[in-house]
Amino acid sequence: DKAPLSKSLLLVPSAISILLTLLFQHYQKFFAYNLQAIKEDFQIWRLVCGRTICLDLKDTFSSSLLIYNFRIFERRYGSRKFSSFLFGAWMLSALFDLLLVEITQYVFGITINSLPSGFLGPVFALFVPFYSSIPRVQVTQVLGHFSITNKSLVYILGLQLLTSGSYIWILALSGLVSGICYNSSILKIHRILCVPSWVAKIFSWTLEPIFSSAEPTNEVRVGMGATVDIQRQQRMELLDRQIMMSQVAQMRRQRQQQGGMINWNRLFPPLRHRHNANYQDHRPSEQDTPPPTEVSEEQVARLMEMGFSRGDALEALRASNNDLNVATNFLLQH
């Protein structure tokens, strides 16, 4: 939903790759990323065919899963800005591919005539905004020391794709460098390598109705999450919270029957200090109140982009001492 370009990149190249592998193997030579043919025979069309369709089904599967996970950027930026990033990363990674091959031959004496085919450069470039703009939310821990987060699976898929071929590290390195260059506010490459508005309108009229999907009706949106993935995780956390509250209510009934009182501060340590009219007499004095923490406006803007209000973002950042990950976890859980 709301990601027609990601859906087209997920379906069309994968279908062509499967057809070339199973039925039309004699046409695979036209989609090979042959650098020797590009440099010596000037077959520039191989830059398009060889850098779009994967000829290895393992690469097709891994890159498709990564594109599916990176669809959140199209929902956040919009289809035009997302396509501009892919176009810019595709152009830059093609240049860096040739440079890295020449550097490898000059330094190590290794001649590379071909590279793995597929839409791999832009896929690796998407790891740059994924690392910098997607907050890290801890899901669980393994053996008490290794944290499993909402980003672990994506990194594992990237590692699987990185180890699937002998020279795929060149594509990975060129993709990461192109993603850094395109995201750089100093180089201003995003102003040059972008999709024109008239091209975006043509594709929105022709291809978007084919690949667009209706919003799912069987899932009720919960909370302030910016994406469906965050909302699903909020729903799971809400269910866990309801189970905990039912257990606490049961403990409370048992303590009331025994004539005792339950220690709420032990079960729920106060994370937010809210002003309550019923407890005005117990508020700390102005001398005991610590000075407010300086809050970064950039981090406030990031939290507001995720759908949280400015007041909640300021309060969470002050409580977490300007730690964006801690503030995000706090807002998602409360």
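As the structure is a prediction and not an experimental result, all values here were calculated from the model. (Residues numbered from 1 in each chain as written. Predicted model: local features only at pLDDT ≥ 70, side-chain atom pairs only at ≥ 80, totals over all residues. Heavy atoms only, no water.)

**A closer look at the overall build of the protein chain**
For the protein chain, the helix and strand inventory stands at 17 helices and 4 strands. Out of the 334 residues in the protein chain, the part that is buried amounts to 36%. Put simply, 69% of the contacts in the protein chain that link residues at least 6 apart link residues at least 24 apart. Working note: accessible area of the protein chain is about 20,900 Å², and carbon and sulfur atoms make up 61% of it. (Helix = DSSP H or I, 4+ residues; strand = E, 2+ residues; numbered from the N terminus. Buried < 20%, exposed > 50% of the residue type's maximum accessible area, 1.4 Å probe, protein only. Contact = heavy atoms within 4.5 Å. Areas by Shrake-Rupley, 256 points an atom, 1.4 Å probe, with all protein chains shown as cover.)

**Digging into the packing of aromatic side chains**
Counted according to the given criterion, the structure contains 11 aromatic pairs. Aromatic side chains F127 and F130 sit 6.5 Å apart centroid to centroid with 85 degrees between the ring planes, which places their arrangement in the edge-to-face category. In this pair, F127 and F130 are both assigned in helix α8 (residues 127–133), 3 residues apart and thus about one turn of the helix distant. Here F127 matches F130 in class, with each residue buried. (Phe/Tyr/Trp six-rings, centres within 6.5 Å; stacked < 30°, edge-to-face > 60°.)

**Description of the pattern of salt bridges**
Tallied over the full model, the rule gives 4 salt bridges. A salt bridge links K39 to E102; the nearest nitrogen and oxygen atoms lie 3.1 Å apart. Taken together, the residues span a long stretch of sequence, with K39 in helix α2 (residues 35–40) and E102 in helix α6 (residues 79–108) at a distance of 63 residues. For K39, a relative accessible area of 37% gives the class partly exposed. (Salt bridge = Lys/Arg side-chain N within 4 Å of Asp/Glu carboxyl O.)

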